[in-house]
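Spelled out, the chains give:
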Amino acid sequence: MRKAVGILEVLGYSIALTAMDTACKAADISIEGIDCNNPKQGDAAAIPLTTQVKFTGPIADVKIALEAARTEAGNHLADTDIITHLIPATSVGMEDILAKGKVKPKG
């Protein structure tokens, strides 16, 4: 069975971790990769770090996790600083792309 993919992108590493902690407690998902980059506003951004988390699971769980993560991130950030995206099913070769990033979760 192909898994769905959820992507959360927020300003700040600690906010990403807090949001994903909430998401993991709300749904049956697996974090596949975490990446950090400079935000498009550069040093002018309120938090000068953009963090993207990629995770997988059954589509219903990924939807729940995305909602939970967005809600938690919204407790700390403006809605414009939160991006979520759902990919309904992985395709061949996506596993390698999902795992790419500066932070490697232990599995």
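To keep things clear, this report deals only with the structure shown in the data block.

Each value, and the rule that gives it
Residues numbered from 1 in each chain as written. Predicted model: local features only at pLDDT ≥ 70, side-chain atom pairs only at ≥ 80, totals over all residues. Heavy atoms only, no water. Helix = DSSP H or I, 4+ residues; strand = E, 2+ residues; numbered from the N terminus. Contact = heavy atoms within 4.5 Å. Buried < 20%, exposed > 50% of the residue type's maximum accessible area, 1.4 Å probe, protein only. Polar contact = N/O pair within 3.5 Å; in protein donor to acceptor, adjacent residues only side chain to side chain.

## Overview of the environment of leucine 11
Part 1: The residue leucine 11 is located in strand S1 (residues 4-11) in this model.
Part 2: For the pair leucine 11 and threonine 50, spaced 39 residues apart in sequence, the C-alpha to C-alpha distance is 4.5 Å.
Part 3: Contact partners of leucine 11, with chain neighbours within four places excluded, come to Pro39, Ile47, Leu49, Thr50, Leu77 and Asp81.

## Overview of the side chain of threonine 56
Part 1: By the secondary structure assignment, threonine 56 is in strand S3 (residues 50-57).
Part 2: Exposure remark for threonine 56: the relative accessible area of 3% places this residue in the buried category.
Part 3: At 2.6 Å, the side chain of threonine 56 forms a polar contact with the side chain of glutamate 32.
Part 4: If sequence neighbours within four positions are ignored, threonine 56 has contacts with Lys3, Ala4, Val5, Asp28, Ile29, Ser30, Glu32, Val62 and Leu98.

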